[in-house]
Amino acid sequence: MAETVGNLCRKMHGGEGFDTLTLDLFSRAPSPAPCSYSKPAKRPRVDGAVTMGKDEDRQNPFDFLSEEILFLILDSLESEPLSKKSFSLVCRSFYTAESCHRRELTPLRSGLLPAALARYPSVEKVDLSLCPTVTDTVLFSVGNCLRSSLRSIDLSRSKGFSHAGIESVVENCANLVEMNLSNATDLSDAAAAAIGRARNLERLWLARCKLVTDMGIGCIAVGCQKLKLLCLKWCLGISDLGVALVAVKCKQLRNLNLSFTLVTGAGLEVVLQLPYLEDLALVGCLCIDDGSLLSLKQECKSLQVLNLSNSQPINHAGLSSLLNITVGLRQLNMAYCCMVTHSLTSSFRKLAKLQSVKLDGCEVTTAGLKTIANACVSLTELSLRKCSGVTDDGLSSIVMKNKGLTNLDITCCGNITDLSLANITSSCTSLITLQMESCTLVSKEGFRLIGQHCHLLEHLDLTDNELDDEGLKALSGCHKLSILKIGICFKISDEGLIHIAKNCPKLRELDLYRSAGIKDAGIRAIAHGCPQLQITNLAYCTWITDASLRALSKCSDLNTLEIRGCPQVSSAGVVAIAVGCPKLTKLDIKKCYYVNDGAMLILARFSRNLHQINLSYCSITNVGLLALASVGCLQNMTILHLKGLTPNGLAAALLACGGLTKVKLNSSFKPLIPRPLLEHVEERGCVFQWIDKPFQVELESSEIWTKQLEEMRA
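Scoring rules and cut-offs
- Residues numbered from 1 in each chain as written.
- Predicted model: local features only at pLDDT ≥ 70, side-chain atom pairs only at ≥ 80, totals over all residues.
- Heavy atoms only, no water.
- Helix = DSSP H or I, 4+ residues; strand = E, 2+ residues; numbered from the N terminus.
- Buried < 20%, exposed > 50% of the residue type's maximum accessible area, 1.4 Å probe, protein only.
- Contact = heavy atoms within 4.5 Å.
- Areas by Shrake-Rupley, 256 points an atom, 1.4 Å probe, with all protein chains shown as cover.
- pLDDT = per-residue confidence, 0-100.
- Pairing = 2+ DSSP bridges.
- Core = buried A, V, L, I, M, F, W, Y, C linked by side-chain atoms within 4.5 Å.
- Phe/Tyr/Trp six-rings, centres within 6.5 Å; stacked < 30°, edge-to-face > 60°.
- Lys NZ or Arg CZ within 6 Å of the ring centre and 35° of its normal.
- Axes fitted to C-alpha atoms, helices over the stretch in contact; angles between N-to-C directions.
- Parallel < 35°, antiparallel > 145°, perpendicular 65-115°, else oblique.
- Left-handed = near helix turned anticlockwise from the far one by under 90°.
- Nonpolar A, V, L, I, M, F, W, Y, C, P; charged D, E, K, R; others polar.
- Disulfide = S-S within 2.5 Å.
- Salt bridge = Lys/Arg side-chain N within 4 Å of Asp/Glu carboxyl O.

1. Concerning the overall build of the protein chain
Scanning the protein chain from terminus to terminus reveals 29 helices and 24 strands. Within the protein chain, the proportion of its 714 residues that are buried is 53%. Residue pairs in contact within the protein chain that sit at least 24 positions apart in sequence constitute 71% of those at least 6 positions apart. Only carbon and sulfur atoms are counted for the fraction: they give 53% of the accessible area of the protein chain, which is about 29900 Å².

Shown next, in the form of structure tokens:
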């Protein structure tokens, strides 16, 4: 589409400068220069009209592009915010088009919202989950500015608002269909009553709204009868009465989450009568036991997804009874539940449509696994993560009868051997995801079978195994790999990694945590062969130097880099990453002792999207920390054992960094920072985590005299 529009523009104007401009516009460069035509182009809207500049007697060629064409271009840039920003800087008509095209706002601070609402009048979704504090005043402005256009609002991690703000949004935004108020622990029944006036609401999350009672949920049930999704996880004030009201009034419910509530078998019986219920979560519902399940008689044929994980009071008798009345299940999660025996899994025979089974953390028997194998022959997903009792015999029986498996998780199944892996790779050649961390009895020869047979793999986790370079060479035959986790694999080296780099160009995530044999040559090969790399973990790969980081800086999509415990890395390497990776959001440089303030100054200049950073044990002082405070997106900082950091420098940085939500500090700083300042930062939504580790805070000269004076007075 972009190429077609570019050709059209060239036909409209044959100038060489304009050709260059058009190429810049539709290229993938992150920050093209603003268009030279932007000054004379004065248009308040996107239409066919053309406005001439005072000193310009020719038309702006971009004015011939219709709004429909501009919107199609913006659609193609949806996943590239930097490109969209560059697009809006070309000229005023492009600026206006981008303003009208945007449908979602995700500000980092609520103070930025008024200006954003003025620029983007057609927004349908406002995501405030990254704003630690959202006041009622902010919600008033959202409701008054967007009105009928707003369809979704997310306040799931925000504090500071009350029922008055919720009421304003509901009253002004009649087309609201989605609200997420999870973790709003201060909201009570008054807020629930306000929500009940949103007549068109279809999806509502109230997780951890512990003050909402049956009265409040009753208001929602009566007023929001179009609800299709309702999450009441950890709503401890809600009993069977409130759940029954929901079930009676909200007949269109498809998805209901009652996890960690006080619902009993009586409430569950009413819920199972919902005619369209498809997804039910009962995680950790300790008031539901075998007795209540045995009394259930009403079938729920519509139910397709059932999550019973962490339901300790339920044993095989009650579970079998429940499965007998939910014969349409496609996904069943019984993680950390009862023992998986033959008598329990016999009830699986009625679940002819079952495709996904998760038994994480359960004690399983070989007889139970064999029964699953005989009862379920259409499985596409099986998770036995951290299950005790998994043997070659039991696992092999399942994989040999379910050749359509695409997702298999056998993490920490320490009793399986090469025999299981041989049966997995020969039977399940359509595997897309295979997770088998810490399967220590599988030999290096066994892992080679994966690369020889499972060529469709996209996600592979072999952390903490006997994998070697020959195994990596075989795995390089999995050309579709996008996620590869091979941390704590002490037998791999650059030789094996180079094979991956040459044959797996789609790799987006690479985890080499504590794989001590990896050096610069391997990382250079990965950076060159896998240009789409987004996430990489090189923590405690002690041979890594700045040369690796310079190579990785060519991966412009890199957003997460962990290099903690790489003592040979210096500021030069971090600078290269900052300049070359503008999408960087998470950086961990803990124990990179040679990284200093110079790197922080460059990081603050180029890494404007940085959200999270760990600076512990680095050679960073007040200057570097204050420089980072200018990064508007920064929300999470870990700053332990910075010898050059003083209380005054820390206080200044905390005040300057207005978007912080979490800071991890040495507890020795706590008495040295004024309490009012800490309270002010906490009121903005920041949570302090004080770590009690031996550390001597570096005091400034005036502070030393003050401390000595206090000791003399004592």
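Next comes the rest of the write-up.
2. Side note on the confidence of the model for the protein chain
Regions with low pLDDT carry predicted coordinates that are not meant to be interpreted in detail. Summing up the model confidence of the protein chain, the mean pLDDT is 89 and the portion of residues at 70 or higher is 89%. Segment residues 1-57: pLDDT under 50, and 89 contacts once partners within four positions in sequence are set aside and those in other chains are kept. Every residue in residues 701-705 scores below 50 in pLDDT, and together they form 4 contacts with partners more than four places removed in sequence or on other chains.

3. Some thoughts on the pairing of strand E23 (residues 662-666)
Side-chain positions along a regular strand alternate between the two faces of the sheet. Pairing of strand E22 (residues 636-638) with E23 involves 3 bridges; the strand directions are parallel. Bridged to Thr638 within E23 is Lys664. The sheet contact formed by E23 and strand E24 (residues 687-691) spans 5 bridges and is parallel. Looking at the pairing, Asn666 lines up with Ile691 of E24.

4. Digging into the nonpolar core
One finds Phe348, Ile450 and Ile486 to be the most contacted residues of the largest nonpolar core, which totals 198 residues. Setting aside chain neighbours within four positions, we find Phe348 in contact with Leu323, Leu332, Met334, Leu354, Val357, Ile372, Ala375 and Cys376. Listed in part, the 13 residues of the second largest apolar core include Phe62, Leu65, Leu70 and Cys91.

5. Notes on the side chain of Ser420
Looking at where Ser420 falls in the secondary structure, it is placed in helix H18 (residues 418-427). In contact with Ser420, other than residues within four places in its own chain, are Thr391, Asp392, Leu395 and Ser396.

6. What to know about the packing of aromatic side chains
Across all of its chains, the model carries 4 aromatic pairs by this definition. A ring pair is formed by Trp234 and Phe260, whose centres lie 4.5 Å apart and whose planes are at 5°; its orientation type is stacked. Within this pair, whereas Trp234 is found in the loop between strand E6 (229-231) and helix H11 (240-249), its partner Phe260 is found in the loop between strand E7 (255-257) and helix H12 (265-271), the two being separated by 26 residues in sequence. The exposure class of Trp234 is partly exposed, given its relative accessible area of 28%. A residue is classified by how much of its surface remains accessible, and Phe260, at 23% relative accessible area, is partly exposed. With a centroid separation of 5.5 Å and an interplanar angle of 20°, the aromatic rings of Phe688 and Trp690 are classed as stacked. Residue Phe688 is classed as buried on the basis of its relative accessible area of 11%. Taking NZ or CZ as reference, Lys519 lies 4.6 Å from the ring centre of Trp543, over its face. When the ring centre of Tyr617 is taken as reference, the NZ or CZ atom of Lys591 above it lies at 5.4 Å.

7. Some points on the packing of helix H3 (residues 67-76) against helix H5 (residues 92-101)
At their nearest, the axes of H3 and H5 sit 10 Å apart, and the two run at 65° to each other. Considering the angle they form, H3 stands roughly perpendicular to H5. For the crossing formed where H3 meets H5, the hand is right-handed. In this structure, H3 contributes Leu70, Phe71, Leu74 and Asp75 to the contact, and H5 contributes Ser93, Phe94, Ala97, Glu98, Cys100 and His101. When its residues are assigned to classes, the contact of H3 with H5 shows 6 nonpolar, 2 polar and 2 charged.

8. Digging into the environment of Ser668
Structurally, the position occupied by Ser668 is in the loop between E23 and helix H28 (675-683). Given the relative accessible area of 22%, Ser668 is considered partly exposed.

9. Concerning H18
Residues of H18 that are buried include every one of Ser420, Leu421, Asn423, Ile424, Thr425 and Ser427, and no others. Packed against the buried residues of H18 are helix H17 (392-401), strand E13 (407-409) and helix H19 (444-453).

10. Overview of the state of the cysteines
Enumeration according to the criterion identifies 0 disulfides in this entry. Cys387 takes part in no disulfide bond, and the closest cysteine sulfur, belonging to Cys362, lies 5.6 Å away. On the basis of relative accessible area, Cys387 is assigned to the buried category, the value being 5%. Free of any disulfide, Cys541 has its nearest neighbouring cysteine sulfur in Cys566, separated by 6.0 Å.

11. What to know about the pattern of salt bridges
One side chain can pair with another of opposite charge once the charged atoms of both are near each other. In this structure the tally under the stated criterion is 17 salt bridges. Residues participating in the shared-partner salt-bridge network are Glu98, Arg102 and Arg119.

12. Digging into unusual backbone geometry
Here the phi dihedral of Arg208 falls at roughly 65°; this positive angle occurs in a residue that is not glycine. Relative to the helices and strands, Arg208 resides in the loop between strand E5 (203-205) and helix H10 (214-223). Although it is not a glycine, Asp464 adopts a positive phi angle of roughly 60°. Owing to a relative accessible area of 28%, Asp464 belongs among the partly exposed residues under this scheme.

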